[in-house]
Each structure stands twice: as structure tokens, then as C-alpha cells.
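Architecture and fold: a report
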Amino acid sequence: MIPLPAIRKSLVVASMKNDDVSWLDQFFPDWYKRIYVVNDEHAKWPVPRNKGRESMVYLTYIIDNYDNLPDSILFIHSQRYQWHNDDPYYDGVPMLRNFQFPYLQKQGYVNLRCAWVLGCPEEIHPYSDTHREAVHAGEYFKTGFMELFPGVEVPEVVGVSCCAQFGVTSWKIRERPKSDYVQFRKWLLETPLTDDLSGRIMEYSWHMIFGKEAIHCPTAEECYCKVFGLCNLVCPSEGQCNGRYVLPQYSTLPKGWPTKEKNKNNMLIIGLTGSIATGKSTVSSILSSPPYALPIVDTDLLARKVVEPGTSGYNAIVSYFGPSTPDLLLPPSPEDASGSRRALNRPALGRRVFGTTEERKRDRTILNKIVHPAVRWEVYKALLYYYLRGHWAVVLDVPLLFESGMDLICGTVVVVGVSDPAVQMARLRARDTHLTAEDAENRVRSQGDVKGKVEKAEFRGTADARGVIVWNDGDRVDLEREVQRAVQTIGGSSPKWWAWVLLLAPPLGVGVAAWNLAVNYSTRRRWERKAAAEKAKL
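The rules we used
Residues numbered from 1 in each chain as written. Predicted model: local features only at pLDDT ≥ 70, side-chain atom pairs only at ≥ 80, totals over all residues. Heavy atoms only, no water. Helix = DSSP H or I, 4+ residues; strand = E, 2+ residues; numbered from the N terminus. Contact = heavy atoms within 4.5 Å. Areas by Shrake-Rupley, 256 points an atom, 1.4 Å probe, with all protein chains shown as cover. Salt bridge = Lys/Arg side-chain N within 4 Å of Asp/Glu carboxyl O. Buried < 20%, exposed > 50% of the residue type's maximum accessible area, 1.4 Å probe, protein only. Disulfide = S-S within 2.5 Å.

Labelled according to an unreviewed UniProt entry, the protein appears under the name Dephospho-CoA kinase, originating from Aspergillus rambellii.

Rendered as C-alpha cells:
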């Protein structure tokens, strides 16, 4: 099969002189960009006049490049974080990363905003609107429309989600002659309407310029799925989906966003678990990177720390396993001439504790009794550190989360699962090539059946995000989408008014933590009774 040629794409950015646009090169280094600076006549890409808000930039780009347009163009504003970005944290990075260019190529034009709040299903009534305090332009829209589109009947109602950020293809732009865009810009330059009013009239005209009906309001569910690839969302209304856009209280996001807003919440502990080779470490890496940038408490790393030479854990392991495991310690390093700081030989120790025989189970229990208390202490210290630093959430990465009982302190548990055990086994042996088939099987069994962990997470409650499943049956792109869906689900379970309550009443945070612990303990007891009843039936 001959591969299809890559879609040539470009970002057209409307910016001001002091705007920070470095995020575009940081996250999208391979995308072509045309960044206009509307209030700097000496900029590389200036505009004829700073009027009509972003519309002057968009029209100037189309006019200047009409005969040499890329296949797909995204017209956007300059700031990474801005209230009109359709993202739970108003972040432009995931908005652009998730954009579905093949869908744009089919449609010709798509709005970059799916939520209906502001603009849909009806925003402007050209024949009846009167003055509003907020910039609305309804009373001027009829005259403006007639001047922009001579001979075209003025619509009774206009509706489209705000705020003039959209994608359009070269073929859709060229459905109109270049002279139309020249005329639109001429109108902007000559109209006596102010910058904000003329810009608002253009904002509610772009969809009609590119061939859509006067009311262009696809459902939020359809839009998120087709425009951003975010499917299977829970959408209680036509214009809103859980975990997605909520109109903020700010017209300009506060300095330090998004950290400032997230810090209002009582810190959420997100337990992350799975089985070996299901992709838990990859999910942890994704969550620790932008746009999430969550701190990670990795118990695997802590488990290594607490058994380093010289620690009490190391001494206990050597004392118990050393006499019966000749290769328990690695050869001394050149810097350790005396051999007093020989590191543990982990593969040798693994052979002693991984397996299903009674002897292996006993040895594994003893090892866990040595390591787990020390790891718990390190975990609690790390959680306290991140709480005092003001983080809104922290990820507690624990392979044996349920088995160790640490799920009790987690507000949410995320399980990374693989549907097919054969895939899990193949991934493990590809990662750890020294393992035999038997070794791989023993390691998988030692961490428990991942389906059992999935069932426990589901029993905690998926409706309120106390349990969330991330399936890793595809490639890295599929996994990143699963993680994004999970984060949106978790974010949607914590309403903003609750964050304000916790902020204004700090003692309530202690009560919330106690309540969360009690709920988790009760859930565990119910699970144990359920499991016992099912076992009795057998």
C-alpha cells in the first residue's frame, strides 16, 4: 500500500507584542507557524492596522497566502492558557495535540470549541437585539452583515460557539475568490465600529464565510469525538460533557495558572497500579509530563532506596537470604575495595521470591515484611512534602496497591490493564530479555491477575471516579488518549464550588480525609464479603 502524503499544516497566531508564544515552539517544533504581532509595525509579520481583534490577522494571512496555502490551517490566539480554550485547564497544548486533521480535511471548517456556553444554541438576533453592557454587537450585526455580504439575506438568529479559533482547509478557503477576503478586510479598516465591535461581528461570521449555516452548533459529544478524538464522554446535555470545559470566573486567568487554581483543592492522592508489563510506568511518565505535570511517588524507586547498602532493610535481607543464596550480592565495585557496600543482585533475589510454591510465597512474605514498612514511611514523608508544596494532586505509583492496603489513603485508584495476558507476557519478555518463559510467567502471577485489580477498581465506583481503568491494548498514542480521558474523568468529579469550600474552611479538609478513609475501608470490607461469598459458592 502506498502511504498517503502527510497533510501540510500551519498555525496562524494572533498575538500582542508582549505575549509569550514560546510554548508553540516548545510543544510543536515541527509545525509551520505564522505569528502576527498586531501592535508592532516592525514585527516580522505585521498587519495593516490593529483593528477587528484576531480577524485582521486571519484575513491578512489568507490574502497574502491565497495562492500558496497549506492543506490545513489552525487560526488561534497566542496564549497557552486562556479562558476560551476548550480544555479543563484552558490549556492550548492538549487542544492542539488532539486535533483531528483528517476530520478537518473532510469538513473544510471546524470550530476549536465544542462547549456551547457562550455562543450556542443562539447568540445574536440581528432584527431584535438591543444594547448590552457586555460586548455583544447584536444591535450592529444586521448592518455589519449586510455590508460584509451584499445581497445575502440576514439570518434571523446566529449561533456558534465562541471565540474565533478554528481550523479550515485550503480548498474551503478557495471556495471564495480572493477578492471576498480583500473586501472583508477593507470593511474592517473602514467601518466606524470600534475594534471590539467589528471583531465580534467577524467572530460570529467566520462559520458562515466558510459555508456553515447561521446556527452552527454540533452537539458537544459529537464535536469532542470528531474534532479532538475524545469519544465515549458522559454528556448530560447537548452542549456540555463531564470533565471538559467549564466557564471560569476570570476573563483573564490569574498569574501562575494553572498551579494557582489547582492548589485550591485538598490534595488528591491518585493511586496508580497495574500488573507487570501492563504499561503502568509509561502512564506514570505521561502523568509526570506536561500538560499534567503531576508529582509521582514511585514505590519501586523507594523500594530500591530502602535496601541500598548500609540501610536497615539491606542488612535484614542479607541476614535472612544471604546464607542460602550465594549470589545474593553483586561483586564489589572498584571503589569498594573492602566489599562492605556490595549491592543486591536483584535477579538472584527475584528467583528466590517470585513463584507460586509455598517456599517462594513464604520468602516473598518475609521480603515484603522487610521492605514494605520502610517504603510506607518514605511514602508518607513524600506525600507530606508535596502537600506542603501546595500540589493539587499526587500520583502514588504502587504495583501492589490493593495488596499492600495503600488504596485506603487514595481518593482515586487508576488501574492500567491489558485485555490479553499473552500481550502482557510478550511485552515483559521484550523488555527483560534475560527472562525465560517460566520466569516471566512467575513474575506476572506474583503481581496478581490484572483483571482482578480492574474489578476492585470498578467496585470502588467508576461513576464518581473513585476507580478509573486505563486500557493499554494499543500503541502509545492510544494510551495517551486513555490517560487524557482518565484525567478528565477525575477532574470532572471535583466541582469548583467544592474547592472553594475547602479553601475557606481548612479544618474541613481533615474531615474530608477522614471521610475518604472511612469510605475506602467500608468499600474494602464489602469487597472482602463479596469475594468470600463467591468463594463459598465454589
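Check the secondary structure of the protein and you find 23 helices and twelve strands. Counted over contacts in the protein with a minimum sequence separation of 6, partners at least 24 positions apart contribute 72%. Total accessible area on the protein stands at roughly 26,700 Å², and carbon and sulfur atoms take up 55% of it.

Attention now goes to the pattern of salt bridges. In this structure the tally under the stated criterion is 18 salt bridges. For the salt bridge of Lys 381 with Glu 378, the shortest nitrogen-to-oxygen distance reads 3.3 Å. Here Glu 378 and Lys 381 lie together in helix H16 (residues 358-388), a separation of three residues that amounts to about one turn. What makes Lys 381 partly exposed here is its relative accessible area of 40%. On the accessibility criterion, Glu 378 (15% relative accessible area) is buried.

On inspection of all chains with the given rule, the structure shows five disulfides. Covalently, Cys 114 is tied to Cys 223 through a disulfide, its sulfur atoms 2.0 Å apart. One quick way to see it: the torsion about the S-S bond of Cys 114 and Cys 223 is about -65°, and its sign makes the bridge left-handed. One end of the pair, Cys 114, is in the loop between strand S4 (109-111) and helix H5 (138-148); the other, Cys 223, is in helix H10 (residues 220-228), with 109 residues separating them in the sequence. Residue Cys 114 shares its accessibility class with Cys 223, and that shared class is buried. Across the disulfide from Cys 120 sits Cys 217; the S-S distance is 2.0 Å. Note on the Cys 120 and Cys 217 pair: the S-S dihedral is about -90°, so by sign convention the disulfide is left-handed. Here Cys 120, found in the loop between S4 and H5, pairs with Cys 217, found in the loop between strand S7 (215-216) and H10; they are 97 residues apart in sequence, far enough to count as distant. The class of Cys 217 is buried, set by a relative accessible area of 17%. With cysteine numbering restricted to those in disulfides and following the sequence, the protein has the pairing 1-6, 2-5, 3-4, 7-8, 9-10.

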